[in-house]
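# Descriptive analysis of the structure
These are the residues of each chain, in order.
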Amino acid sequence: MNAIISFILHPLIPVNVSDDDDQQGIDVVYPLTIFFALGIWLVVQRYHKMHNSPVKFPFSVPHPADHQWKSYAIKNPHLKSHLEDSKLAPPAGGDGVEYITCFDPASGLHIHTVLADNKNDIARKILAAQKAQKSWRETTFTQRRRVVRSLLKWLVDNQDLCARVACRDSGKTLIDASLGEILTTCSKMEWLLNHGENVLRPESRAGNFMLSYKKSQVIYEPLGVVAAIVSWNYPLHNAWSPILASIFAGNAVVLKCSENVIWSTGWFVEAITNCLRACGHDPELVQLVCCWPEHADALTTSPLIKHITFIGSEEVGRKVARAATEHLTPVTLELGGKDPAIVLPGTNLEKWSSVWMRGIFQNVGQNCIGIERLLVHNDQYDELYTIFEERIKKLRVGSVLAPTSEGYVSTVDCGSMISRERFRGLERVIQDAEEAGARVLNGTTYNHTYLENGAFFSPTLVGPVDTSMAVAKQELFAPVAVLMPYDTVQEAIEIANGTRYGLGASVFGPDQRMALEVAKQLDCGMVSINDFGPRSTLWRRQSQWLWQIRWPSLIQTGIPQVLDYPVRSLVQSWEFSSNLIRFLYADGRRTRMRGLVALVAATHKSIVLSFLVKVLHILGAN
């Protein structure tokens with residue numbers, strides 16, 4: 001009994017389990033202490049696993065995502081093809097019922113004809129979201145993180161399927177889907193998991209002497225129901241990014257997607273609602289709206305919408321901003337861009353050419369923060385033009401979901417654009433530049449051999465271009481490399497700042513300090529040094545985001561050979577990108593290590609393949 005009392009009062013004192021003081025007892029304090037601590041650790045780990053581990057949820061596998069899927073080919077497809085072709089028409093609806101034709105822009109294959117929302121549908125969805133938000137706003141950050149973590153695991157585990165869904169609806173390649181859709185979305189989800197709660201925590205504010213007896217805080221509260229109106233170029237990323245940020249902050253969200261990608265966006269949003277349901281939350285928290293423009297005011301003028309995020313064209317952005325004034329709804333707009341990349345004198349052109357190619361031709365130029373203008377010193381202009389001319393000639397255009405007559409899928413570098421609607425305008429501004437003295441490589445619609453209904457535009461090179469040409473001032477949003485020579489660095493800065501756009505920019509040079517000085521003189525929101533495509537996550541005040549390499553002498557941004565244009569192997573490039581994502585974002589160390597092993601194996605295969613290609617090229621030349 002004395003030993004038990006001694007252990008309770010001071011467990012670090014050795015106790016004797018024997019009643020005989022003269023007999024040597026067994027010292028049980030340390031084993032008991034270890035077992036007690038281990039028990040606490042196990043309980044804590046079990047608690048965290050129970051509340052934080054990802055939750056599995058059911059999902060459907062859409063048939064059109066299969067590359068062997070076949071359907072009716074629409075000639076000259078567009079969003080209202082169902083009005084012209086009876087084979088696409090849905091069952092007869094009531095008066096005023098409207099539909100949207102969904103099709104693969106790379107092949108013209110009919111995917112589905114979906115019902116478009118009207119004003120009553122939109123109002124009903126806003127009310128449903130408002131009702132669901134009342135309970136969601138009371139959830140903890142732990143509960144919200146579990147939803148995000150469950151979706152992250154699902155996305156990594158099913159990235160092949162998600163990429164094929166995005167490819168089918170937007171015409172992009174698997175690598176464009178992997179890098180532009182999945183990798184970026186995983187990165188943002190990781191940021192939310194690691195930093196979201198810290199950003200939304202109450203913040204203290206400094207006072208003065210007179211008010212020193214008071215404490216001032218800023219407390220972030222959910223807004224309620226918010227809206228996101230997003231573009232079609234990245235159906236997964238553009239849908240998930242505002243949805244996840246909104247619900248993590250405690251809001252409900254109504255997402256209006258583009259009519260061009262309603263099929264894929266519907267499937268991606270369904271995954272989120274299924275996840276919410278599996279985690280015990282109301283799936284009505286997230287609503288999807290797709291309507292024709294004349295019904296969009298039901299969303300933008302609703303008094304229940306407390307904030308609107310818009311990604312799209314300047315023309316539509318102005319309409320959204322005007323509509324939001326009816327109830328003074330705050331609006332965040334991301335509009336067009338004409339991002340310049342300044343190549344400083346003395347830059348190693350061969351070293352960075354792969355980054356520029358990816359920056360220009362990623363997603364066939366349909367990239368908000370892609371490189372629209374490449375500014376190079378006069379002394380290096382001819383060399384850069386030759387480099388681009390040789391590489392662009394090797395780019396292959398097509399669809400990764402269209403098997404050949406032999407049954408295999410061709411390796412392609414550039415997919416289709418979303419439609420042919422802008423082709424005449426593109427050809428006109430390119431032709432005007434040629435008539436003004438620029439050399440042009442390609443610059444026209446690409447007529448595919450067996451995908452005659454696809455919306456393909458030839459990868460194009462235009463240069464030298466000056467500031468008077470329309471091709472230097474208009475956002476092209478197309479696979480067009482625009483080369484603009486300059487004489488002095490100051491002139492390059494003036495050219496870069498010479499458009500009405502100011503979304504992003506990049507500066508490349510051998511001296512990072514000089515590149516940083518140039519970057520600070522650019523009038524835009526985001527600038528990267530020896531890289532392209534930064535995108536800020538948080539906007540609080542008038543500012544400029546500068547992205548630069550932390551240790552430029554040790555590491556630089558580059559394009560892995562397996563992903564470089566022209567892509568050598570579709571299989572190898574997908575193995576590399578998918579396992580890179582698995583290594584970076586998979587749930588659990590074992591899965592990440594398997595991803596790393598597969599990533600290294602894919603890299604070695606790529607090196608061997610590249611060597612064989614070079615050998616065959618040499619043998620062919622001889």
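On a predicted model such as this, the values are computed, not experimentally measured, just so you know.

## Here we look at the overall build of the protein
Across its full length, the protein holds 17 helices and 17 strands. Across the 622 residues that make up the protein, the buried fraction comes to 50%. The long-range fraction of contacts in the protein, counting pairs at least 24 apart against all pairs at least 6 apart in sequence, stands at 69%. About 31,000 Å² of surface is accessible on the protein, with carbon and sulfur atoms providing 55% of the total.

## As for helix α11 (residues 349-361)
The end-to-end C-alpha separation of α11 is 17 Å, in line with the 18 Å expected for 13 residues at 1.5 Å each. Taken residue by residue, α11 has L349, W352, S353, S354, V355, W356, M357, R358, G359, I360 and F361 as its buried positions. The backbone nitrogen of E350 lies 3.3 Å from a side-chain oxygen of the residue at the head of α11, namely N348. Looking at the residues trailing α11, positive phi occurs at N363, about 55 degrees.

## What about the pattern of salt bridges?
Evaluation of the coordinates by the stated rule reveals 19 salt bridges. Between R164 and D160 there is a salt bridge, with the nearest N and O atoms lying 2.9 Å from each other. Within this pair, R164 and its partner D160 are both found in helix α5 (residues 159-170), separated by four residues, close to a single helical turn. For the salt bridge of D413 with R396, the shortest nitrogen-to-oxygen distance reads 3.0 Å. Here R396 lies in the loop between α12 (378-392) and α13 (423-435) and D413 lies in the loop between α12 and α13, a separation of 17 residues in the sequence. The exposure class assigned to R396 is partly exposed, which follows from its relative accessible area of 30%.

## Describing the sheet that holds strand β6 (residues 252-256)
Taken in spatial order, the five strands of this open sheet run β7-β6-β5-β8-β9, and their pairing is parallel. At either end of the open sheet lies a strand with only one pairing partner, and these are β7 (286-289) and β9 (331-334). Each strand of the sheet is rotated relative to its neighbour by a mean of 15 degrees, with strand direction disregarded. By the bridge criterion, five bridges tie strand β5 (residues 225-229) to β6 in an arrangement that is parallel. Bridge assignment links V225 to a residue of β6, and that residue is A252. Where helix α8 (residues 262-278) meets the sheet, it contacts β6 and β7, and its direction lies at approximately 165 degrees from that of β7. Strand contacts of helix α10 (residues 314-324): β5, β8 (305-311) and β9, with the helix running at about 170 degrees to β8, the strand carrying the most contacts.

## Remarks on the environment of A206
Relative to the assigned elements, A206 resides in the loop between β3 (203-205) and β4 (216-218). Remark: the alpha-carbon pair of A206 and S216, spanning ten residues in sequence, is separated by 7.1 Å.

## Let's talk about the confidence of the model for the protein
Of all residues in the protein, 87% have pLDDT values of 70 or greater, and the mean over the chain is 89. Here residues 536-542 scores under 50 on pLDDT; set against residues more than four positions off or in separate chains, the count is eleven contacts. Counted against residues more than four places away or in other chains, residues 615-619, with its pLDDT under 50, gives zero contacts.

## Concerning the packing of helix α6 (residues 174-200) against helix α7 (residues 235-248)
One can describe the packing of α6 onto α7 by two numbers: an axis separation of 10 Å at closest approach and a directional angle of 10 degrees. The orientation of α6 with respect to α7, classified from their angle, is roughly parallel. When α6 is examined against α7, the residues G180, E181, I182, T184, T185, K188, M189, L192, G196, E197 and L200 are found in contact with a partner set consisting of P235, L236, H237, W240, S241, L244, A245 and F248.

## Focus: the side chain of K256
Topologically, K256 is positioned in strand β6. Not counting residues up to four positions away in its chain, the partners in contact with K256 are A228, I229, V230, V289, C291, A296 and L299.

## Observations concerning the packing of aromatic side chains
Each aromatic ring pair is characterised by the separation of its centres together with the angle its planes make. If you walk through the whole model with that rule in mind, you get eleven aromatic pairs. When the ring of F59 is compared with that of W154, the centres are 5.5 Å apart and the planes differ by 80 degrees; the resulting orientation is edge-to-face. One end of the pair, F59, is in the loop between α2 (29-52) and β1 (99-103); the other, W154, is in helix α4 (residues 141-157), with 95 residues separating them in the sequence. Seen in terms of ring centroids, W154 and W267 are 5.6 Å apart; in terms of plane orientation they differ by 45 degrees. Their pairing is tilted. A residue pair is termed long-range when its members are at least 10 positions apart, and W154 in helix α4 and W267 in helix α8 qualify at 113 residues. There is no split in this pair, since W154 and W267 are both buried. Every member of this aromatic cluster is reached through a ring pair, and the members are F57, F59, W154, W240, W267 and F268. The cationic tip of R144 hangs over the ring face of F141; the distance from NZ or CZ to the ring centre is 5.1 Å.

## Structural notes on the nonpolar core
Membership of the largest hydrophobic core comes to 95 residues, with the highest contact counts inside it found for L151, L155 and W240. Here the element with the most residues in this core is α8; it accounts for nine residues. Counting residues in each nonpolar core, the second largest holds 70 residues, with V343, C414, F456 and F508 among its members.

## So, unusual backbone geometry
Note that the residue after G463, namely P464, is joined by a cis bond; omega there is 0 degrees. In this fold, P464 is placed in the loop between β13 (460-463) and β14 (480-486). Cis geometry marks the peptide bond from Y565 to P566, where omega comes out at -10 degrees. Examined against the element boundaries, P566 turns out to sit in the loop between β17 (545-547) and α16 (570-585). The residue N76 is not glycine, and still its phi comes out positive at about 50 degrees. Tracing the backbone through its elements, the reader meets N76 in the loop between α2 and β1. The residue N442 is not glycine, and still its phi comes out positive at about 70 degrees. With respect to the helices and strands, N442 occurs in the loop between β12 (439-441) and β13. Exposure remark for N442: the relative accessible area of 41% places this residue in the partly exposed category.

Reading the values: rules and limits
- Residues numbered from 1 in each chain as written.
- Predicted model: local features only at pLDDT ≥ 70, side-chain atom pairs only at ≥ 80, totals over all residues.
- Heavy atoms only, no water.
- Helix = DSSP H or I, 4+ residues; strand = E, 2+ residues; numbered from the N terminus.
- Buried < 20%, exposed > 50% of the residue type's maximum accessible area, 1.4 Å probe, protein only.
- Contact = heavy atoms within 4.5 Å.
- Areas by Shrake-Rupley, 256 points an atom, 1.4 Å probe, with all protein chains shown as cover.
- Expected span 1.5 Å × (residues − 1).
- Polar contact = N/O pair within 3.5 Å; in protein donor to acceptor, adjacent residues only side chain to side chain.
- Salt bridge = Lys/Arg side-chain N within 4 Å of Asp/Glu carboxyl O.
- Pairing = 2+ DSSP bridges.
- Axes fitted to C-alpha atoms, helices over the stretch in contact; angles between N-to-C directions.
- pLDDT = per-residue confidence, 0-100.
- Parallel < 35°, antiparallel > 145°, perpendicular 65-115°, else oblique.
- Phe/Tyr/Trp six-rings, centres within 6.5 Å; stacked < 30°, edge-to-face > 60°.
- Lys NZ or Arg CZ within 6 Å of the ring centre and 35° of its normal.
- Core = buried A, V, L, I, M, F, W, Y, C linked by side-chain atoms within 4.5 Å.

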